[in-house]
Amino acid sequence: MLFHLIYSSEDSVKQLARQPGWQDILTKLYVKESGRRRGEEEEPAQDISEAFSEGFSDLSQSPPPGGQLKNFGDSLNFKSFDSMEQGSRSSSLSNTVDIPSSSRLLEEEEEGPQTPMSSQPETPSPMEHSKAFPGPRPRKSSSLSNVLDDTSYSTEPPTADTISNNSNPQQAPEEELCNLLTNIVFRVLWSGSEGCEDAVWRERGQVFSVLTKLGSSCQLVRPPDDIKRSLLEMMLESSLSDLRDSQGLALPHIPSLLRLLRLLQDFLFAEGTDNQTLWSEKIFEGVVNLLDRLQAWHTTPTTPGAAELKEMAQIGLRIITGYIQQQHSQVCVMACVKLHSLLQTVLCLSWEEVCFLLGRLGAALWPAGADSDRVSNLGAEALLRPLVPVVRTLLDQHADPTKLQQLLPSLPPTNGSPTFAQDLHRYCSTAEWQLFYHSHVGPTMQQYELDTFGKSHDLMSNFWNSCFDALMSTAQKREKDRADCRAKFQELIVDPFVKRVRSENSRYMSVQKLSNSQQGVVWKHWKSLRRLLTSERGAWANRDQPEVKWKLSSAETYSKMRLKLVPNYNFNSHSEASALRDNMGAESPRSSEPLPLAVAKEAKVSDMEDDQLEEEDLMYIDSQVEEGEEESQKEKLVLSEDCELITIVAVVPGRLEVTTHHIYFYDGSSEKEETEEGIGFDFKRPLYQLREVHLRRYNLRRSALELFFIDQAHYFINFRKKVRNKVYSRILGLRPPNLFYFGSRSPQELLKASNLTQKWVCREISNFEYLMQLNTIAGRTYNDLSQYPVFPWVLCDYTSPELDLDDPAVFRDLSKPIGVVNPRHAQVVREKYESFEDPTGTVDKFHYGTHYSNAAGVMHYMIRMEPFTTLHIQLQSGKFDCADRQFASVAAAWQARMESPADVKELIPEFFYFPEFLQNMNGFNLGCLQVNQEPVNEVFLPRWASSREDFIRKHRKALESEHVSAHLHEWIDLIFGYKQRGPEAVEALNVFYYCTYEGAVDLDAIANETERKALEGIISNFGQTPCQLLKEPHPPRMSAENASRRQARIDTLPPNLFEQLDKLRPFVEVVSDGNPLVQAVVPRNQTRSFIIHGSDVLVTVSANGQIGTHSWLPYDKNIANYFTFSKDPTMSNPKTQRFLSGPFSPGVEIGAQVLVVSSDGRLLFSGGHWDCSLRVTMLGKAKMVGRICRHIDVVTCLALDLCGIYLISGSRDTTCMVWQVLQQVEPVVFSSGLSPRPVQVLCGHDQEVTCVSISTELDMAVSGSKDGTVIVHSVRRGQYLRTLRPPCENCVSARVAQLQVGMEGHMVAHTRHGGAHRWEGEVRTACVLCERYPAGGNLHIRDLFSLNPVVKPLALKVPIRSVSVTKESSHILVGLEDGKLIVVGAGKPEEVRSGQFSRRLWGSTRRISQVSSGETEYNPAEHAGK
């Protein structure tokens, strides 16, 4: 196409010639192999369209006939001149733009612009082979051969009048294409250049310079000299054509033709010296015809352009003699004939010219001459024949006869002698001729050449230098333009393209990731559903159920105990980890890995500040207080931040969003795991359920928050640096209604504001509760193993057969750190501290290189319980630790503390409430001891413990003992108090490694991410000291005796009934005479009574549906009664009596099973109705506000959880439903009190559900049925957990009549014929004396641990219809068949002070009909008789 284009459009040729470096571009198409070392990769050629894009921009709109240029750039490839010179190995495409591949975005380094070489005298030219460019190096592919594969030329070639090198049909395709390219180059070279003569010929000369350059560095498809020869032939032919067309006006062409002849002379006598093929017949004929046409042989001084024509004639004469010297006989004869003709007819030579011709032509005549070595092998006869006439004419007509006679007296006669040739040949061998040649011909010829052709040589040398300089300058300009174009193309095309590609790739990967994640979630949901349907109580239950393995749940009780075990559906026996165990290993635990000194020094912090909010965050909280009052009911987004949810098993990336109504977390992990709350860790929590928000640290960064909700759910969330405070202030600014406190509270301030210390000192809370609260405030959490709650060793006697808690010797010294409880260790530890010195000043002195609480220590104790087993194996690089280092015996663990000051591990909370961690219930292979080869299985207990449960119970009892209570403050000073740091810590031998302390290390100061991650891992396993809560000594706890005196003197709280069981006294109140009292309860979280200021409401329901709301005051020191009861006046007046709406279904006994009062005392939920509905009644007006029909049979039982969030209903349709109780502060549309749809529908029973119970904090819904089956489900997911069956006599199942889940996880069931039964199941706790279970026709109070009676049954003689315990555990309320309310209290009140009583009671102006001061004691015999 290009060939046809340039020969059909003159403008195209000129536009192409205007392109900088077109010579380099076109001649590169001759390249066959690049100048690279052997074995290197091939370089793709640069697209020619880049260089021509500007020049042909206008041609693209009107393509020439016969074809277009669209494939030209793909087929003709080339490289820049300077990149060839320097052997560049970068892709020419990468020199243009950086375009990413389809698989990945590759960024290649661009080449910089090349510096052109300066023009110097020794610059090599085509004439000087001694100064040639670097020799050719092998190249691997031909650009022209690539073209042959992709391009075909179907256009008709130009006519012979225009082009001399016409394509030959017999030629090879590559040769044919080479001829076409030569024609293209010539066309541009000869017709495209514009400007002055010097500029035009400089453009043309650059073609020859580039060819010389390429020939020295690359292999071309044709030798460069052949290409030059072809170009010169075409230039001669075109010159003749131009002369013919000039119609006799030759003078304007003479300067250009002289330059052409100089170029031809330079080419022939430089490259042609060693290459006779360059002396072509076409060049000879062209030169001769050109000079003949110009009549240069006939020049006279008066001829126009005489000097140029004379020089041209001299050059032509030299070229003719050069042809005569070649071995090509045909051209040699032609040259001789032409010279002979010129000598005879035209030329008139001087003596110098005669000597020049004799010197050039006489080589064949005198072998002894200067060039005899070159002609020694030539046939003398063949050469003499054409030369003899020339020499004869030269000597006859042009030489001076006088000089010839004088110098050559013996010269044979030249006047037609037939033997002149032989005579001349013989004469040339004589001494006379040799003397003449060496003395006259040779020197005269050399001088003539110097005078005549030296100037031409100098002109050509300068010409080649100027061409080379122009070439370098053009290359530099091209590189600059190319760089500019690259940058512009990169900016306008490639960068947007790359950005779009990355965006699309990211979007595609996101879609793929989301799709895969969704598929994984769907698959896990299907597995969960299949497991539910094929479970023991499923619709498609398998006959052979798989063995259930268990793991610890994250659910906590209100006492912050993790008691619940859940099925482990992804159980791993870790047999490989057991096989990899190295029982002979003596490696130290990872927690003792040393910190890199340089990294530790970089991260060390000298000044530690309290963890609290900035001023701007405080201002935001204050501003939000006013805005919150005007907040609309529409949910609005408050903030959205990336974060990490920290769990004990994983760090889950995600996003936290806070709105005006909810807190959301979106799990961002690619593969979501099945959790207790669903697939993945996503959660949505109402803001009104938020109870506490604590500032936390994670990996020693103050970057985390821990959220606690009223159902005991809690979430540990880590944020980026400086984001945590923003989230904290935004949440507090929303003013959640159930949040305990507002504002910025450091842990120290929070402890003071909570008044916990005072409560503990006064014995209002237990030691366990206080320690758990201190751990929580100090930042300890179950969610982070490096900040796990820490508890003290309290005993030192683990070998005696009996444990005497009255003996101080059995207790550990709580005033000393665990490392120096053994007095022998104190001196060693002190000397270690005093002798330690870090030369760098980075590491401070310390007593202990390990820590009393770290991740490895927690896993050491909990190794038998998943997920700690898996975490332990991960910490140990995929294997179990050596069996001798496992936690195998409580006594051995204590002995290890006594033997080594380096082992300073304290205890964890599970030692005081969780016996299952001492049992290898999953059957892990923990190895064998090296001493006796006994397998490590269950933990060996002290001799004084009969079972795991007994150990926990006694251990907890020891924690709450009088001795520990008297000294626990000393241990608190060490861990949380003033002896944690500073001089007091040094004095107490209580200094640990510096990086375990809060604020001592700033990980963000470490610039290297790898080093920072490594340091995080080391610190995470090393352990972290809790926040310092007290900077002064902790006050001691009151003794039990002093606490009792204080209670009697100032306390207004009622005595705990279960602490004074020997002082029980029943009192009677007539509520509904004659109508059985089926429900009597005091709501837990109610607002105060409207009857008597400061009192609560006691709600009663009679068998006939009558509702009573009475005033109840359990105790007041100003009224020294057991209780104060004021009967509801509406119950006595028929006009004001309030009743439940009915009717109830036949066969349903109205009782406490189907009647539940909301925790705020406003609503009454009732079941048993004939329409299978669950009804909600407002207690104040006895008005039904809600009626929900979801069950398909009668609702038989109801239960409410402790926090009042969920209600569970059971039905004759064998199902249970969990309902969400709506807060009354919400919009009026939800005033029915319950969500319209159930949260969960629980199935699995075969017969009527008779009783239910629910524990939201433990995520448990328990239901009992008529056939004696008890089923446990989870609340949040509705998953089946397990089935329990009470033992029964004669193998006859007994109806489960009552069911209750305690605050610490006990489940107690009462069967109609089998008595009471307690299960530990998947929940378990130590015995708490304040929890007793009342049951039976008589009132029984039993010990929860053994179910044995703790007091003599209280005989009431009348059937009992309801039993409940008040929220303060001060009284038991018993409803009797005869409508009386029995109030059971304890203690002996002081004498009534009527004056104070009257003022207190009658402070209101409202008339009270009946008031009881609790003086009517119940006499069973008397009332039974009545």
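Everything here concerns the structure above.
Overview of the structure. It should be emphasised that the depicted structure is a prediction, and the values quoted were computed from it without experimental measurement.

## Quick notes on the overall build of the protein chain
Piece 1. When you go through the protein chain residue by residue, the secondary structure sums to 39 helices and 42 strands.
Piece 2. Taken over 1426 residues, the protein chain has a buried fraction of 55%.
Piece 3. When the accessible surface of the protein chain is split by element, carbon and sulfur atoms take 50% of a total near 63300 Å².

## Observations concerning unusual backbone geometry
Piece 1. Here the residue pair E866 and P867 is connected by a cis peptide bond, since its omega of 5 degrees sits within 30 degrees of zero.
Piece 2. Following the sequence through the fold, P867 ends up in the loop between α30 (855-861) and α31 (868-875).
Piece 3. Phi at S877 is positive, roughly 60 degrees, even though this residue is not glycine.
Piece 4. Its location among the elements puts S877 in the loop between α31 and α32 (890-899).

## Comments concerning empty space enclosed by the protein
Taking a probe equal in size to a water molecule and rolling it over the atoms shows the remaining empty space.
Piece 1. Tallied over the entire structure, the rule returns 14 cavities of 30 Å³ or more.
Piece 2. Along the wall of the largest cavity there are 16 residues; nearest its centre are P567, Y569, T675, E676 and R1277.
Piece 3. At the level of elements, β6 (565-567) and β10 (674-675) are the ones that each hand at least two residues to the lining of the largest cavity.
Piece 4. Across the lining of the largest cavity, the residue classes tally to 4 nonpolar, 5 polar and 7 charged.

## Concerning the state of the cysteines
Piece 1. Considering all chains together, one arrives at 0 disulfides under this definition.
Piece 2. C1172 forms no disulfide, and the closest cysteine sulfur to it belongs to C1189, at a distance of 7.2 Å.
Piece 3. You can see C1243 has no disulfide; the closest cysteine sulfur is in C1216, sitting 8.7 Å from it.

## Quick notes on the nonpolar core
Piece 1. With 114 residues, the main nonpolar core has Y30, M235, L264, L294, M312 and I324 as its most contacted residues.
Piece 2. It is helix α21 (residues 431-533) that contributes the most residues to this core, 14 residues altogether.
Piece 3. Excluding anything up to four places from it in sequence, M235 contacts F186, L189, W190, W201, F208, L260 and L263.
Piece 4. Counting residues in hydrophobic clusters, the runner-up holds 101 residues, among them F868, A893, W944 and L1029.

## Here's the deal with the pattern of salt bridges
In a structure, side chains of opposite charge can pair up when their charged atoms sit close to one another.
Piece 1. Applying the stated criterion to the full structure yields 47 salt bridges.
Piece 2. A salt bridge links D682 to K672; its shortest N-O distance comes to 3.5 Å. Pair noted here: D682 is in the loop between β11 (678-679) and β12 (683-686) and K672 is in the loop between β9 (662-667) and β10, with a separation of 10 residues, a long-range link.
Piece 3. Given a relative accessible area of 17%, K672 falls into the buried group.
Piece 4. Residue D950 is joined to R953 by a salt bridge in which the shortest nitrogen-to-oxygen separation is 3.0 Å.

Rules behind the numbers
Residues numbered from 1 in each chain as written. Predicted model: local features only at pLDDT ≥ 70, side-chain atom pairs only at ≥ 80, totals over all residues. Heavy atoms only, no water. Helix = DSSP H or I, 4+ residues; strand = E, 2+ residues; numbered from the N terminus. Buried < 20%, exposed > 50% of the residue type's maximum accessible area, 1.4 Å probe, protein only. Areas by Shrake-Rupley, 256 points an atom, 1.4 Å probe, with all protein chains shown as cover. 1 Å grid on protein atoms, 1.4 Å probe; cavity = no way out; pocket = protein on both sides within 12 Å on 5 of 7 lines; lining within 4 Å. Points joined across faces, edges and corners; volume = space filled by probe spheres on them. Nonpolar A, V, L, I, M, F, W, Y, C, P; charged D, E, K, R; others polar. Disulfide = S-S within 2.5 Å. Core = buried A, V, L, I, M, F, W, Y, C linked by side-chain atoms within 4.5 Å. Contact = heavy atoms within 4.5 Å. Salt bridge = Lys/Arg side-chain N within 4 Å of Asp/Glu carboxyl O.

It is worth stressing that arrangement in space is one thing and function is another; only the former is reported here.
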